[in-house]
Amino acid sequence: MNQVSELAFFTLLVKLGSLAATARELNLTPPAVSKRLAQLEQRLGVRLLNRTTRSISLTGEGEVYLLNAQRILGEIEEMERQVSSSRAAPKGLLRVNAPLGFGRTHVGPAISSFVKRYPDVEVQLQLTDRPINLPDDAIDVAIRFGELPDSRLIARKIASNRRRLCASPLYLRSFGRPEVPKDLMRHNCIVLRQNDAAFGVWRLTRGKQTESVKVRGSLSTNEGEVALNWALDGHGILMRAEWNLAKYLRSGRLEEVLEDYETPPADIYAVYLERLNLSAKVSYFVEHLRDFFQRNADGPSDSRAPWQ
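The structure displayed is predicted, hence computed values, not measured ones.

1. Re the overall build of the chain
Phase 1 of the analysis: Per the secondary structure count, the chain includes nine helices and 14 strands.
Phase 2 of the analysis: Buried positions account for 41% of the 308 residues belonging to the chain.
Phase 3 of the analysis: Accessible surface, the chain as shown: approximately 17,000 Å² in total, 48% of it carbon and sulfur.

Here's what the structure looks like:
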């Protein structure tokens, strides 16, 4: 009898409450059940049950053994369920949340190709201008930039991404090009507001040195597409994720500045509750997103293509 069988045997014995009932359930004789229990206790070197001809009761050691046996058997059952479900064809309702701009440009097309491949899945896409509270909003998968600290969530990286500093050629001709991070303080910077703050702190790293620069400008917004259009119109320097800038950098409508400095990563993650870790609709969708972004990455140039 292996250890998993011992755990299952002991759990069943306690559940049924008697040697005779356990014998009937396992199609054994009561002496065979008694012998099996005795062998288990002998191997452990402790008594697990107090037993009479009519009843059994747990000892202190038996309570500890039962509690852990139930936990281990439950984990084994959940593991098998997850592995089995990961092989099943995805179906049912999948609720997805994504940021407004990225959702429109990239997640929407990814969902379109996903449902063509898996027609039994119904997808509801919710686009929001700020992150939602995943456990409380009935969302299966949320698309986020950067990892989340919430230990209840799983964050699976689906694409590499970075932020870039850029401005239009018109702005750079008029106001010059910053050479070091502190030069940003004398430039008009287009700020994406967060938490209603009318300034931004931009962190730039080269080698082991990181500089934090508090930037300001005459224009700020909480909407990324508006900020991008202001940069295209020549109003200032913008920090934005490369997926949003790629075609403009490639065409020359925007030029990168301080390109020798690294900005905070903006890697793209699919975030979901741990309990949904390997459910078919979630796991298939996450893998589809990874494949879709690898095939449809839009880089500023062939030599610096992102999301690889």
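2. Section: the side chain of Glu 41
Phase 1 of the analysis: Locating Glu 41 in the fold gives a position in helix α3 (residues 30–44).
Phase 2 of the analysis: Of note is the side chain of Glu 41, whose polar atom sits 2.8 Å from the backbone nitrogen of Leu 48.
Phase 3 of the analysis: When near neighbours in sequence (up to four residues on either side) are disregarded, Glu 41 contacts Val 46, Arg 47, Leu 48, Leu 49 and Arg 51.

3. Here's the deal with unusual backbone geometry
Phase 1 of the analysis: At Asn 27, a residue that is not glycine, the phi angle is positive and equals roughly 60 degrees.
Phase 2 of the analysis: Within the secondary structure layout, Asn 27 lies in the loop between α2 (19–26) and α3.
Phase 3 of the analysis: What makes Asn 27 exposed here is its relative accessible area of 71%.
Phase 4 of the analysis: The phi dihedral of Leu 258 falls on the positive side, at around 50 degrees, and the residue is not glycine.
Phase 5 of the analysis: Inspection of the secondary structure puts Leu 258 in the loop between β13 (255–256) and β14 (268–273).

4. Structural notes on the nonpolar core
Phase 1 of the analysis: Core analysis: the biggest nonpolar cluster contains 25 residues, and Leu 94, Ile 143, Ile 158 and Phe 285 have the highest contact counts within it.
Phase 2 of the analysis: Within the residue set of this core, elements represented by two or more residues are β3 (92–99), α5 (100–117), β5 (141–145), β6 (153–159), β14 and α9 (280–296).
Phase 3 of the analysis: Residue contributions to this core peak at six residues, all from α9.
Phase 4 of the analysis: Those residues in contact with Ile 158, other than ones at most four positions away along the chain, are Ile 143, Ile 268, Tyr 269, Ala 270, Val 286, Leu 289, Arg 290 and Phe 293.
Phase 5 of the analysis: Counting 16 residues, the second-largest nonpolar core is a separate cluster that includes Tyr 171, Leu 172, Trp 202 and Val 215.

5. Considerations on α2
Phase 1 of the analysis: Three or more residues of α2 are buried, namely Leu 19, Ala 21, Thr 22 and Ala 23.
Phase 2 of the analysis: At its buried positions, α2 is contacted by α1 (3–16) and α3.
Phase 3 of the analysis: Positive backbone phi, approximately 60 degrees, marks Asn 27, located one or two places after α2.

Rules used throughout
Residues numbered from 1 in each chain as written. Predicted model: local features only at pLDDT ≥ 70, side-chain atom pairs only at ≥ 80, totals over all residues. Heavy atoms only, no water. Helix = DSSP H or I, 4+ residues; strand = E, 2+ residues; numbered from the N terminus. Buried < 20%, exposed > 50% of the residue type's maximum accessible area, 1.4 Å probe, protein only. Areas by Shrake-Rupley, 256 points an atom, 1.4 Å probe, with all protein chains shown as cover. Polar contact = N/O pair within 3.5 Å; in protein donor to acceptor, adjacent residues only side chain to side chain. Contact = heavy atoms within 4.5 Å. Core = buried A, V, L, I, M, F, W, Y, C linked by side-chain atoms within 4.5 Å.

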